[in-house]
Amino acid sequence: ALNMDGLSDIIADYGNSQEQLEPILTALEHCGLQEEADILREAKTLWNTDEEQYEKICDSFADRLVLFNDTDRFWDSVRAYIDTNLT
């Protein structure tokens, strides 16, 4: 969903409920992508507290996400998690 919908859609759609966003964050953490989860938490917090400011700096969040800037590293982390934990 994150790659297909983009950061703002995820924060807006899932960010309204921590219960909806938490499984995404947990999955990222389990794959060794803690920084990715932290960036999403930071973006969500800003969205919930100051949507106008979020809109101003949204691109800076996206620029920091591995998913948007190093997709090979992102998917390598996901595949490594699967290989280690699910096979």
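Before any of the text, the structure's been laid out above.
Residues numbered from 1 in each chain as written. Predicted model: local features only at pLDDT ≥ 70, side-chain atom pairs only at ≥ 80, totals over all residues. Heavy atoms only, no water.

A. The pattern of salt bridges, seen in detail. For the structure shown, the criterion picks out six salt bridges. Of the charged contacts, one joins Arg41 and Asp38 as a salt bridge, the two residues approaching to 3.7 Å between their closest N and O atoms. Here Arg41 and its partner Asp38 are both found in helix H4 (residues 34-49), three residues apart, which amounts to about one turn of the helix. In this structure Arg41 comes out as partly exposed when scored by relative accessible area, which is 25%. Here Asp38 falls in the partly exposed class, since its relative accessible area comes to 38%. Close ionic contact of Lys56 with Glu52 constitutes a salt bridge, the shortest N to O distance being 3.9 Å. Pair noted here: Lys56 and Glu52 are both in helix H5 (residues 51-64), with a separation of four residues, about one helical turn. (Salt bridge = Lys/Arg side-chain N within 4 Å of Asp/Glu carboxyl O. Helix = DSSP H or I, 4+ residues; strand = E, 2+ residues; numbered from the N terminus. Buried < 20%, exposed > 50% of the residue type's maximum accessible area, 1.4 Å probe, protein only.)

B. Spotlight on the nonpolar core. The biggest cluster of nonpolar side chains holds 24 residues, and the ones touching the most others in it are Leu7, Ile11, Leu28, Leu40, Tyr54, Phe61 and Phe74. Going through the elements one at a time, helix H2 (7-15), helix H3 (18-30), H4, H5, helix H6 (66-69) and helix H7 (71-85) are the ones with two or more residues in this core. With six residues, H4 is the single largest residue contributor to this core. If we ignore the near neighbours within four places in the chain, the residues touching Leu28 are Leu33, Gln34, Glu36, Ala37, Leu40 and Phe74. (Core = buried A, V, L, I, M, F, W, Y, C linked by side-chain atoms within 4.5 Å. Contact = heavy atoms within 4.5 Å.)

Take it as geometry only, folks, not as evidence of what the structure does.
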